[in-house]
Amino acid sequence: MKSAPFTYVRPASVEEALHVLDEQAGAARILAGGQSLVPMLQMRLMQLDALVDINRLPGLDEVRAAGAETIFGPLVRYATIERLPLVAERLPLLQCVMRFVGDPQIRNRGTIGGSLAQADPTGEVPLSCLALDATIVAASVSGTREILIDDFLVSSYTTALEPGEMITEIRFPLAPHHFAFLERNRKHNDFAVVNVAVVGRRGSDGGWSDLRIALGGVSDRVVLAVESAALLEGTTLEEDAIAQAAQLALDVIDPPTDVRGTAEYRRHLVPVYVRRALSKLRDDHEPFDA
Amino acid sequence: MPERVEVTISVNGRKHRRQVEPRMHLADFLRHELGLTGTHIGCEQGVCGNCTVLVDGQAVKSCLMFAAQADGQRVTTVESLAEEELHPLQQAFKDAHALQCGYCTPGFLMAAAAIAAEGRRPSREELREELSGVICRCTGYENILIAVERYLEDRGEVEAVGG
Ligand SMILES: Cc1cc2nc3c(=O)[nH]c(=O)nc-3n(C[C@H](O)[C@H](O)[C@H](O)COP(=O)(O)OP(=O)(O)OC[C@H]3O[C@@H](n4cnc5c(N)ncnc54)[C@H](O)[C@@H]3O)c2cc1C
């Protein structure tokens, strides 16, 4: 259970980090919280020539408001997200899901950027970033680019990041006020069997708009149930409509069978959890209060 | 010769300078380099929490952090607790029969020490969540919760744990 040898690099700037990633051409990785990378190295699921430790780089662990947008540095830790009033106010869904990620020790270390780069198909962070329509800013020696979360998440543990790229920012647009999140676990703190995040805006007439329904654990990446959301646009989320949308969500899933559950079980869970999440969205429609 | 990096880590108030392989994790550093074997290793993949220590006051699993990362930081281990007598937190564990084989106990003690150091008094349910990062296969957890609760209740003012 020991990692293979590697070179440890602690760069003094993002530029230097990018330079090392470029030089190593895929044989180096960023070390952020280490809560996925270190176990993978120690289980020898991965072997690297170098780790680029970004934990001491200044300014990467900040969250700031920029007009309607909320911008996260890649190194913002789960424990910070859990406690920050700015997140409670602007992105309550993101704050709410944190309690479902690992345990307090994991949350003291794990980072938003690491979780996105890890792209676990059950990950609460990728799931809520998809529901909240985040944009990932990636930098390399040749410049920076913005990647929409839906393009960023490619498949299991695979993102659109090139080997020489590092996530430098995660940007969230103004989020709809209302949200609901549900997760099915085998045991406390375990990775999810299935999880669902929904967000939406409730108009003064009671009609819902800007609905987004994100599903985790149901495919090789977290997915959006686009048609289900479209079906509910403008409705008051009455039972029939919800039931129909929940059933329709089966069209976007391709669930795996693994140690946490069978594909059949997940297919059973999805309509149930989508229906419950949407009912919850409708019934506790007060904005989240931290 | 494998590559080595120099680290200076303050452990329980004492500075230690060593040359270590980058792949050496903090739990091995504490045990093998410093002989502080109170920090136990269970799974080496971050699940069991037996290796929990404080790094700059925060509870972390020391198997998921390389010693090189702790360079210049303050580490607090279970050895910081007892002096001549058991620390009141340890005494509370003893009184409540919060351990049987004792293997996980250092992990629970340090997870609890982090809560105490922050001066928090979580409810029973919150405490269950707070301590959920450490696994015990003997006690069924109830006595651990009782011990930590009693300790947090009894000790009144915040006392700093370790250095
Ligand atoms: C016991 C346990 C339980 C857990 N439970 C859950 C859970 O319930 N849900 C969940 O989602 N996760 C869970 N995790 C994983 C945890 O969320 C990790 O923290 C997360 O997956 C990775 O974040 P990190 O900051 O630790 O990244 P690291 O482990 O440091 O890195 C992970 C990957 O991301 C890359 N990376 C990191 N930062 C960047 C960056 N800025 N730019 C480019 N690449 C980067 C690394 O190179 C590496 O490939 C658990 C982990 C453990 C040990």
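Draft legend 1. Looking closely at the sheet that holds strand 13 (residues 208-216) of chain A. All names here are of chain A. Reading across from one edge, 11-12-13-14 is the order of the 4 strands in this open sheet, with antiparallel pairing throughout. Both edges of this open sheet fall to strand 11 (178-185) and strand 14 (223-224), since each of them pairs with a single strand only. Pairing geometry for strand 12 (residues 192-202) and strand 13, over 7 bridges, is antiparallel. Bridging across to strand 13, alanine 197 finds its partner in alanine 214. Along the sheet, helix 8 (residues 124-131) makes contact with strand 11, strand 12, strand 13 and strand 14, crossing strand 13 at roughly 155 degrees.

Draft legend 2. A look at the domain arrangement of chain B. Residue and element names in this part refer to chain B. Split into domains, chain B comes out as domain 1 (5-79) and domain 2 (81-157). Computed over C-alpha atoms only, the centres of domain 1 and domain 2 are separated by 21 Å. In this complex, domain 1 contributes 18 residues to the contact, which on the side of domain 2 involves 15 residues. In total, domain 1 and domain 2 occlude about 1200 Å² of area from one another, counting both sides; carbon and sulfur atoms represent 59% of this. Contact with domain 2 buries surface across domain 1, with His40, Asn50 and Val78 losing the most and accounting together for 41% of the total. Taken together, the links from domain 1 to domain 2 amount to 0 salt bridges. When residues of the side of domain 1 that touches domain 2 are traced back to their parent elements, those giving at least two are strand 3 (52-55) and strand 4 (58-61). When residues of the side of domain 1 that touches domain 2 are assigned to their parent elements, the largest contribution, 3 residues, is made by strand 3.

Draft legend 3. Here's a closer look at unusual backbone geometry. Residue and element names in this part refer to chain A. A positive phi angle, close to 50 degrees, is found at alanine 119, a residue other than glycine. Turning to its location among the elements, alanine 119 is positioned in the loop between helix 7 (112-118) and helix 8. Look at alanine 119 and you get buried, because its relative accessible area is 4%. Despite not being glycine, leucine 237 has its phi angle at roughly 60 degrees, a positive value.

Draft legend 4. Just the sheet that holds strand 6 (residues 135-140) of chain A, in detail. Residues and elements named next belong to chain A. Taken in spatial order, the 5 strands line up as 4-5-10-6-7 in an open sheet, and their pairing is antiparallel. The two strands at the open ends of the sheet, each matched to only one other strand, are strand 4 (63-66) and strand 7 (143-148). Between one strand axis and the next, the sheet turns through 25 degrees on average, direction left out of account. Across the sheet, helix 1 (residues 14-24) lies against strand 6 and strand 10 (166-172), angled at about 125 degrees from strand 10, the strand it touches most.

Parameters and conventions
- Residues numbered from 1 in each chain as written.
- Chains lettered and ligands numbered in written order.
- Predicted model: local features only at pLDDT ≥ 70, side-chain atom pairs only at ≥ 80, totals over all residues.
- Heavy atoms only, no water.
- Pairing = 2+ DSSP bridges.
- Helix = DSSP H or I, 4+ residues; strand = E, 2+ residues; numbered from the N terminus.
- Contact = heavy atoms within 4.5 Å.
- Axes fitted to C-alpha atoms, helices over the stretch in contact; angles between N-to-C directions.
- Domains from an automatic or database assignment.
- Buried area = accessible area lost by both parts, 1.4 Å probe.
- Salt bridge = Lys/Arg side-chain N within 4 Å of Asp/Glu carboxyl O.
- Buried < 20%, exposed > 50% of the residue type's maximum accessible area, 1.4 Å probe, protein only.

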